[in-house]
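Per-entry structural report
Listed here are the chains, written in short residue letters.
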Amino acid sequence: MNIFSKLGWFFKQEKKRYIVGITFLALTSLANLVPPRVLGLMADQLDKGHISWGQYGMLIIAVLAAAFVLYILRYFWRKQIWGGAAELERQMRSKLFDHFMIMDRTFYQRHRTGDLMAHATNDVSAIQNVAGDGVLTLVDSLIMGLSTMIAMIVFVDWRLTIVALLPLPFLAWSAKHLGDNLHNAFDKSQAAFSRLNNKTQESISGIKVIKTFGQSEQDTNAFDKMVDDTIKINKKVFIWDSLFDPLGTIIIGLTYTITIIYGGLLVSDKILSVGQLVSFIAYIGNMVWPMFAIGYLFNILERGSASYDRVQKLLDEKPLITDAHADERLTPTDIHGDLQYDVKLFAYPDEKDIPVLRDIHFALKTGQTLGLVGRVGAGKTTIIQLLLREFDNYEGKITLNGHDIRNIPLNVLLRQIAYVPQNNYLFSTSIQKNIAFSDVNAQDNQIIAAAKKSDLHNDILQMPREYSTLVGENGVSLSGGQKQRMSIARALLKQSQILILDDALSAVDAKTETEILQALRKERKDKTTLIAAHRLTSVMNADLILVLKDGKIVERGTHDQLLAQNGWYAEMWRKQELEDEVGDSNE
Ligand SMILES: Nc1ncnc2c1ncn2[C@@H]1O[C@H](COP(=O)(O)OP(=O)(O)OP(=O)(O)O)[C@@H](O)[C@H]1O
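Treat the numbers as computed from the prediction; the structure is a model and nothing was measured.

**Considering the site of the ligand**
- Around the ligand sit 14 residues in total, of which Gln109, Gly377, Thr381, Thr382 and Gln422 are the nearest.
- Lys380 places a side-chain nitrogen or oxygen 2.9 Å from an oxygen atom of the ligand.
- Between the ligand and the protein, one listed contact pairs an oxygen atom with a side-chain N or O atom of Thr382 at 2.4 Å.
- The element contributing the most residues to the shell around the ligand is helix H13 (residues 380-387), with three residues.
- Grouping the constituent residues of the shell around the ligand by class yields four nonpolar, seven polar and three charged.

Written out as structure tokens, the structure is:
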């Protein structure tokens, strides 16, 4: 029952809706007492053998009126109580989604996407069930159960009531017990289905790899085994379900048998009339649901409570990056591209003992370009992540025209940074909307200009519906280079003070790279640009190039200065030049 106090905030907020809903529900329970009573009265009249057509008519009208009133009352309680459940579902879903939006990268490292999806779907439905079915079963089992019992005692006989209702608590117990097992089996079957779905999705998305490696047969066998396992697990659901209904029938049958035997005795002893016995039998019908409801109620509340705790635990997690020290007066126009980067030490939060960056110091004036190069895992992306404020736990300070980035409200900072990550993410929508993702108010001519600068415009014109062509699962498949250029167009459209390209030209050919870099130089001449790359031609024109090794700067300078130093950069440059020459002569 403590789930009701956990959801106290919601019931308080929706007080009016629930008062009206519960009142209508209670009236429904009371109206349900009418038809059995009318049936009893009719049976008595028939027993006496003198029922007039007028009396007949009155009784029929009373039953019809009760049915009509029940219809209206049911409509209103359903509208109120199911409406309340839907409202709770809406609020919980929005809370979770808002939370997912503010959480940082470490949160997504701690929780798998599939688990977060399960919290947002299964757990939220179990919680909304409390506000819908939970309230319904609680009120029904209390009011309908009690009022029917009172009607049995008042209109019929207290002794018959006690004796006949003796087996009914077993119904509640079996509903609870079998219900628990049924739910457990159902949960396992859901999990098995979910695994099967994941497997199907993975096999379909990875079909090219599966076929290229000649693994179709093994994959089909693995899939068949999984289907067999899923069916085996699912059979348990049918077994528990098959036990559920007949048990109810046995217990109800027992109740009717006791009623007929003991009630029959009371009738023959003239303690009860035939009509009273008929009413009583009809009242038993009214008692069945409340008894089932008590059993269901425990299940609904237990599951709702466990789900609520899981969701609350997730909501209680605080993001590492907050605006706690932000100067709220700062607006995007206060932020320019003068970057001073001084990080003495940084380690990822989950591996605090392993320093990833050490003594990274550099400065860039607005309009300048920085090149970041170095071996795989040297720390290039990490330098960028700190500037994007994905982590705050470093020793040192990063400033943009004098403002510590930890004091700039996050949305203000990110408005002035455009980032092209290593892994491009495109949404399943049109090319136009994918580019305009960084600025939803962008005009068509601005979108086309951005596509031209990233050398994508001509490719788009070749597509079936040009800028309206859908990309992703329901649309065309883009090449790696096209995806990269689309991400660059998206970033350029943002016109931000700082542009970051993280290995963003790796999938385009040398000629396209030169064209994009030329367009960038023109576009970004009064703004700051950071380029991390493996191909040195991407950074050769930068004002400052940093060569990183194991999180430290090992060489720094312009392209010419670095060649003169004759270190890793110069060696790499010669190697790549040779590769290009060999590549050219092969073409
Ligand atoms: N989230 C993380 N948690 C812990 N360690 C990480 C995390 N991300 C990266 N690292 C480690 O930090 C180091 C630097 O990685 P980083 O991605 O910055 O290198 P990089 O130079 O950008 O490499 P690449 O050229 O492959 O992109 C690596 O040793 C990497 O394993």
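Right, picking up where we left off after that structure.
**Describing the UniProt feature "transmembrane region" (unreviewed entry) in the chain**
- Feature annotation in UniProt places "transmembrane region" (unreviewed entry) on residues 55-73, 247-268 and 280-298, given in this structure's numbering.
- The distance separating the terminal C-alpha atoms of residues 55-73 is 27 Å; by composition the span is 100% helix and 0% strand.
- Between the first and last C-alpha atoms of residues 280-298 the distance is 28 Å; the span itself is 100% helix and 0% strand.

**Some remarks on helix H12 (residues 274-316)**
- The end-to-end C-alpha distance of H12, which contains 43 residues, comes to 63 Å, matching closely the 63 Å that a straight helix rising 1.5 Å per residue would cover.
- The axis of H12 is deflected most strongly, by about 25°, at Gly295.

**Concerning the pattern of salt bridges**
- Taken as a whole and assessed by the stated rule, the structure comprises 15 salt bridges.
- Two residues, Lys199 and Asp219, come together in a salt bridge whose shortest N-O distance is 2.6 Å. With Lys199 in helix H9 (residues 168-205) and Asp219 in helix H11 (residues 216-268), this residue pair connects regions lying 20 residues apart in the sequence. There is no split in this pair, since Lys199 and Asp219 are both buried.
- Salt bridges linked by common partners bring Asp323, Arg389 and Asp392 together as one network.

**Re the packing of aromatic side chains**
- Tallied over the entire structure, the rule returns 16 aromatic pairs.
- Relative to Tyr18, the ring of Phe10 has its centre 6.2 Å away and its plane inclined at 75°; by these criteria the two rings are edge-to-face.
- Judged by relative accessible area, Tyr18 falls into the buried class, the value being 5%.
- Each member of the aromatic cluster is reached from another via a ring pair, and the members are Phe4, Trp9, Phe10, Phe11 and Tyr18.
- Geometry around Phe155 places Arg37 over its ring, the cationic atom sitting 4.3 Å from the centre.

Rules behind the numbers
- Residues numbered from 1 in each chain as written.
- Predicted model: local features only at pLDDT ≥ 70, side-chain atom pairs only at ≥ 80, totals over all residues.
- Heavy atoms only, no water.
- Near = heavy atom within 4 Å.
- Polar contact = N/O pair within 3.5 Å; in protein donor to acceptor, adjacent residues only side chain to side chain.
- Helix = DSSP H or I, 4+ residues; strand = E, 2+ residues; numbered from the N terminus.
- Nonpolar A, V, L, I, M, F, W, Y, C, P; charged D, E, K, R; others polar.
- UniProt positions renumbered as here; feature names shortened; annotations may be inferred.
- Expected span 1.5 Å × (residues − 1).
- Bend = angle between axes of the 7 residues up to and from the residue.
- Salt bridge = Lys/Arg side-chain N within 4 Å of Asp/Glu carboxyl O.
- Buried < 20%, exposed > 50% of the residue type's maximum accessible area, 1.4 Å probe, protein only.
- Phe/Tyr/Trp six-rings, centres within 6.5 Å; stacked < 30°, edge-to-face > 60°.
- Lys NZ or Arg CZ within 6 Å of the ring centre and 35° of its normal.

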